[in-house]
Amino acid sequence: METRSSKRRNLLLKEAKREVWGGYSNPDDDVDRISDLPDELLHQILLLLPIKCVAQGSVLSKRWRSLWNSLPDLDFTSLLLPNKARTRSSSLSSEVSKSWPFIDEMDPISNVLARREKSCMLRRLRFCARLSFTRLNGLIRSAIRNNVQELDIEVTTDDHFNLPRCILTSESLKVFKLKSCYPGFHLPPSSILTDGFRSLRLLSLSLIVFRKHFSLHDLFTDTSFPLLNKLSLDTCFGLEHVRFSCPSLRELALQKCFDLRSLEIASAKLETLRVKSCLDANFEIESQVYINGPKLHNIEWEDNAIASAVTFENLDALHQASIGFYVADEGMPASEISHVSKLLAGVSHVSCLVLDCKCVEVNKNLANHPFHNVKSLELGIGFTKRDLKGLSYILSKAPSVQNLTLQVEENKAQSRELWGPARDPIYWENQAQLFKPFLKHVKFVKINGFVESEVEICFVILLIKHAQNLQKLVLRSGYYNPRDLQLREKSRKHLKDLFTHVSSSPPQIVFE
């Protein structure tokens, strides 16, 4: 006689099979084709589902319960935090953090880890939560006991907490990501850190609060992190000095290290470097940057304060560079311009170069640093007086550019018409003589934020008339009122007629 529980289980099994068959009837409903599949394939199928659905499916049979208890990847983010948009913010106030769900004493993560088969590999564990340090420490210890290989945690706590030391001694852990959304965490003393993380390949830490006078100068060295090839440090408060020379490091990212005064990078295998919103912006405090990367291929140096001493060595392999600075509203002091010049000189040999608006503004005052190898150039610009003089200078020093992109700054949209000479075609005819080699080689030009001002139109006419090999010109509109669509289409038609009149064989012109 079939009991109620077995009847319910059979109904659930049939419903699951209908889902797999896409809603169509199975020619043989009594045959369990899904359960006959090997565990490896079923695991891959289950990993495509939310973890709550996988857990519910474990009640179907002992086979499905075993699959659940041996699932290699456990991602609890969809279960604990349904409001993902809220949890991705870089910092949370105490009021906001209180809306995060607590993990109580019988939390599902601990229960799942406790019931796992000891012989099964735990490849990945990921969760987001608001919880106490005691609970966090317990979850991490449980994951380490299960020989987790990848641990990805996003957490908010009531107070600062210390990084659990059990992570340092794990021999199975290869990937460790810890993001503290509020209020941050402390690292153990560097003397303890240097003996840990021996098997780690990837390390990502966010919102670290360093104790007074804490330094990482002796942590990421030749003898520590022997296998680490990817490192990311985000939002580090109190970090003043750091040095990176890990033997296997290939990718390094630093972000929001506002107190940094000394940055030293000397890694033989480093290929990608990203530094954003770093260095102390106090002009009265000297900051130093030293980079030695014989295999460095790409550098992104964006929105950083200007260092008082910059040294680049062995960057012959550098192919792509993106450079930008943070400058206060009062502008860049004259004493800082020479520091910018030294940094640009260190990347002047690249073939792909991106310069933000501040770089373009000050370029007219920089030393003579030609960009002879640059084939692809992207510039932030506002079409103001300072921008246009900087633009002319850069184009005159970059004769081999084939692809040019101008990223018009939105906050300067109201200033484009202030400089009268730039609205005169004669001014641009004179400028054309300065960067004639550029006009000879350029093939593709794109202007993002094009609002059809007189200055912009004069510049476009210059390109159409004098760029001998220009094949395509893309004009992507900036902000405009949708109610002016008809007027805008009429204006575009007028521009196309104007451009055709300027040249008998104009390039392909695309409005976006």
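- For the chain, an unreviewed UniProt entry supplies the name F-box domain-containing protein and the organism Kalanchoe fedtschenkoi.

**Structural notes on the nonpolar core**
- Ranked by internal contacts, the top residues of the largest apolar core, which has 140 residues, are Phe176, Phe220 and Trp301.
- In terms of residue count, the dominant contributor to this core is helix H16 (residues 454-466) (9 residues).
- Other than its neighbours up to four places away in sequence, Trp301 contacts Leu263, Val275, Leu279, Val289, Ile291, Ser322, Ile323, Gly324, Phe325 and Leu343.

**With respect to helix H14 (residues 425-434)**
- When H14 is considered as a whole, its buried residues turn out to be Tyr427, Trp428, Gln431 and Ala432. Projected down its long axis, H14 carries its buried residues within an arc of 145°, all on one side. Residues of H14 that are exposed and point over 90 degrees away from its buried face: Ile426, Asn430 and Gln433.
- Residues of H14 that are buried sit in contact with helix H13 (385-396), helix H15 (436-441) and H16.

**Observations concerning the packing of H16 against helix H17 (residues 485-502)**
- As a packed pair, H16 and H17 sit with axes 9 Å apart at the nearest point and diverge in direction by 40°. Relative to H17, the crossing made by H16 is right-handed. Only Leu495, Leu498, Phe499 and Val502 of H17 make contact with H16, whose side of the interface consists of Ile457, Val460, Ile461, Ile464 and Lys465.

**Quick look at the packing of helix H8 (residues 108-115) against helix H9 (residues 133-145)**
- Here H8 crosses H9 at 25°, and the two axes come no closer than 10 Å. When the axes of H8 and H9 are compared, the pair comes out roughly parallel. H8 and H9 meet at a crossing whose hand is left-handed. From H8, Ile109, Ser110 and Leu113 reach across to H9, where they touch Arg135, Leu139, Ser142 and Ala143.

**Notes on unusual backbone geometry**
- Residue Pro183 follows Tyr182 across a cis peptide bond; omega there is -5°.
- With respect to the helices and strands, Pro183 occurs in the loop between strand S5 (175-182) and strand S6 (185-186).
- Despite not being glycine, Ser277 has its phi angle at roughly 55°, a positive value.
- As for its position among the elements, Ser277 is in the loop between strand S13 (272-276) and strand S14 (288-292).
- Phi is positive for Asp303, close to 60°, though the residue is something other than glycine.
- Along the chain, Asp303 falls in strand S15 (residues 298-304).
- Overall, the relative accessible area of 38% leaves Asp303 in the partly exposed class.

**Focus on the sheet that holds strand S12 (residues 262-266)**
- Ordered in space as S8-S10-S12-S14-S16, the 5 strands form an open sheet in which the pairing is parallel. Looking at strand neighbours, the two that pair on one side only are strand S8 (216-220) and strand S16 (309-313), the edges of this open sheet. Sheet twist, expressed as the mean angle between neighbouring strand axes with direction ignored, is 10°.
- As defined by bridge partners, strand S10 (residues 241-244) adjoins S12 across 4 bridges and the pair is classed as parallel.

**Looking at the environment of Leu79**
- Here Leu79 is to be found in helix H5 (residues 77-80).
- Sequence-wise, Leu79 and Lys52 are 27 residues apart; in three dimensions their C-alpha atoms are separated by 6.6 Å.
- The contact partners of Leu79, leaving out residues within four places of it in the chain, are Ile51, Lys52 and Pro108.

Cut-offs and rules
- Residues numbered from 1 in each chain as written.
- Predicted model: local features only at pLDDT ≥ 70, side-chain atom pairs only at ≥ 80, totals over all residues.
- Heavy atoms only, no water.
- Core = buried A, V, L, I, M, F, W, Y, C linked by side-chain atoms within 4.5 Å.
- Buried < 20%, exposed > 50% of the residue type's maximum accessible area, 1.4 Å probe, protein only.
- Helix = DSSP H or I, 4+ residues; strand = E, 2+ residues; numbered from the N terminus.
- Contact = heavy atoms within 4.5 Å.
- Arc of directions from axis to C-beta.
- Axes fitted to C-alpha atoms, helices over the stretch in contact; angles between N-to-C directions.
- Left-handed = near helix turned anticlockwise from the far one by under 90°.
- Parallel < 35°, antiparallel > 145°, perpendicular 65-115°, else oblique.
- Pairing = 2+ DSSP bridges.

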